[in-house]
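Results of the structural survey
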Amino acid sequence: MLTASRHLIGLLLGTEEDWPKAFEEILRRVGPVEGTSGTRHTFDCERITIEPFNLRDQPRYNLVIDRLAYWYYHPREWLKKVSLMNGVYLLNSPFTFQSMEKHAAYCAMMRLGLKVPETVLVPFKNPVDNARYAYTAARYNQPFDLDAIAERIGYPLFMKPYDGGAWRGVSRISNPAELHAAYDQSGEMLMHLQKAIDYDVFARSLSIGAETMVVRFQPDQPMHLRYAVDHDFLSPQAGTEVVTIGRLVNSFFRWELNSCETLVKGSEVYPIDYANACPDVSLTSLHYYFPWAMKALVKWCVFALVTERRANLDLESDRFFEVGDDPDMTYQEKLAAYRKLADSYFETDRYEDFCQTSLPRIDEIVLDWVAGPDFDGLLVDTVRSTYPAREHDTFIAHLRGLLDLWVRDESTRLHAT
């Protein structure tokens, strides 16, 4: 007789409704899952509310997907508490997500030998709001030549916040006039100057647990057109390197839901933005790739709970730095070593075996749902809540076309296996 184990997944949300409804529906359709030890696992999903909490309270949740704490500090401190005190499984470490902003991520990946473009951190344009600033600045702040720094980096370049997100405060700069205008507008934001790369392809990889989807990204397009449906836009070598970089970043920082932006020029891959541990997973943005993302998210959460995977708060960064600091290893040898470290952290082989044995029908389950009326209702509701009424018909048709394409491609893939 099977023993029973019930797991509660908590969703910590802001304004999102599309992907949470999709996640909840797929999880419901998956139903109970039998573990390898003869246990029947069932799953419930609940939206987390924000309220005062006693530091000794016992949380009800076994796993939490956080989409809020990067800007809302009260739930962020709750996440730290349930992680440190109660062992609740969090897809992304709130400790590294808070401290390892883009600046620290650049530093770490530079040490590991990745081809991060030349980057300089410059002081605030405007004084920070602190009574001690004037004295400290007068005594210790050295004057600097912003134009000379830009000349050393070389035009064109980007000015962007050291901790930015969602393209906030990002400026492409082609000359000194634009440089000073952007710096004047930065105010109290702490800014990087980063060399612009003349690229052939902009690739954005979304990693969820042990899976990664690499998509051709078009940053100059409106949000609904930025993810292009293109399956062969990278060479096999570049594609492997982009996936490895994304998983390296995630295993290093203990992130299991993150996106990584890379620029590909010829055979060279340049990571430019990879501290995105609250990535865009909206239906209107991902469109064709939305079913993959939701399926991967359900699979990873079920895997973590059924196998009793433990969240590792220790970074073990020395294991990565031993590779990065080795002068006798080539770049390709280091990438191969990083891939092994990442696969070990994500238990990639164990995950793939689990999906085959414990979730054998999940592909068909998601395909049936996306091809049916319930998903179409979600699509229509999402468009109506996102766009003005005059654009509803256009975007409904646009998204239906892309999701119909996914249904056809996925049906072909499943019938070929």
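Look up: the structure comes first, before these words.
Residues numbered from 1 in each chain as written. Predicted model: local features only at pLDDT ≥ 70, side-chain atom pairs only at ≥ 80, totals over all residues. Heavy atoms only, no water.

**Regarding the pairing of strand β7 (residues 157–161)**
Side-chain positions along a regular strand alternate between the two faces of the sheet. The following threshold applies: Throughout, exposure labels follow a simple rule: accessible area from a 1.4 Å probe, protein chains only, divided by the maximum for the residue type, with under 20% read as buried, over 50% as exposed, and the rest as partly exposed. Helix numbers and strand numbers start at the N terminus; a helix is a DSSP run of H or I with at least 4 residues, a strand a run of E with at least 2. Between any two strands, pairing holds if DSSP finds at least two bridges.
Counting buried positions along β7 yields four of five residues, so the element is predominantly enclosed. Sheet topology places β7 next to strand β8 (residues 171–173); three bridges connect them, and they run antiparallel. Bridge pairing links Met159 to Ser171 in β8. Here β7 pairs with strand β9 (residues 191–195) via five bridges, running antiparallel. Residue Phe158 lies in a different strand from β9, and its bridge partner there is Gln194.

**As for the sheet that holds strand β6 (residues 119–122)**
Put simply, the test is: For helices, the axis comes from a line fit to the C-alpha atoms of the stretch in contact; other axes are also lines fit to C-alpha atoms, and the angle between any two N-to-C directions lies between 0 and 180 degrees. Only heavy atoms enter the contact rule, under which two residues are in contact if any of them lie within 4.5 Å.
Ordered in space as β6-β9-β7-β8, the four strands form an open sheet in which the pairing is antiparallel. At either end of the open sheet lies a strand with only one pairing partner, and these are β6 and β8. For this sheet, the mean inter-axis angle between neighbouring strands, taken without regard to orientation, is 25 degrees. Docked against the sheet, helix α6 (residues 146–153) engages β6, β7 and β9, running at close to 35 degrees with respect to β9.

**With respect to the packing of helix α11 (residues 317–324) against helix α12 (residues 331–346)**
Applied cut-off: Throughout, the term roughly parallel applies to angles under 35 degrees, roughly antiparallel to angles over 145, roughly perpendicular to angles from 65 to 115, and oblique to all others. By convention the crossing between two helices is left-handed if the near helix lies anticlockwise of the far one by an angle smaller than a right angle, and right-handed if it lies clockwise.
Where α11 contacts α12, the axes come no closer than 9 Å and their chain directions differ by 165 degrees. Compared by their axis directions, α11 and α12 come out roughly antiparallel. At the point where α11 passes α12, the crossing takes the right-handed sense. Residues Arg319, Phe320, Val323 and Gly324 of α11 touch α12, and the partners they reach there are Lys334, Ala337, Tyr338 and Leu341.

**Quick word on the state of the cysteines**
Short version of the rule: Pairs of cysteine sulfur atoms within 2.5 Å are identified as disulfides in what follows.
Enumeration over the complete set of coordinates arrives at zero disulfides. Residue Cys260 stays outside any disulfide, its sulfur separated by 16 Å from that of Cys107, the closest cysteine. Sulfur of Cys301: no disulfide; nearest cysteine sulfur belongs to Cys45 and is 8.4 Å away.

**Description of the environment of Met85**
Examined against the element boundaries, Met85 turns out to sit in helix α2 (residues 73–86). Along the backbone, Met85 and Asp57 are 28 residues apart, and their C-alpha atoms lie at a distance of 9.5 Å.

**Topic: the side chain of Arg254**
Along the polypeptide, Arg254 turns up in the loop between α8 (236–253) and β13 (257–265). Residue class for Arg254 comes out buried when judged on its relative accessible area of 3%. Once residues lying within four places of it in the same chain are set aside, the contact partners of Arg254 are Leu91, Asn92, Ser93, Asn312, Asp314, Leu315, Glu316 and Tyr345.

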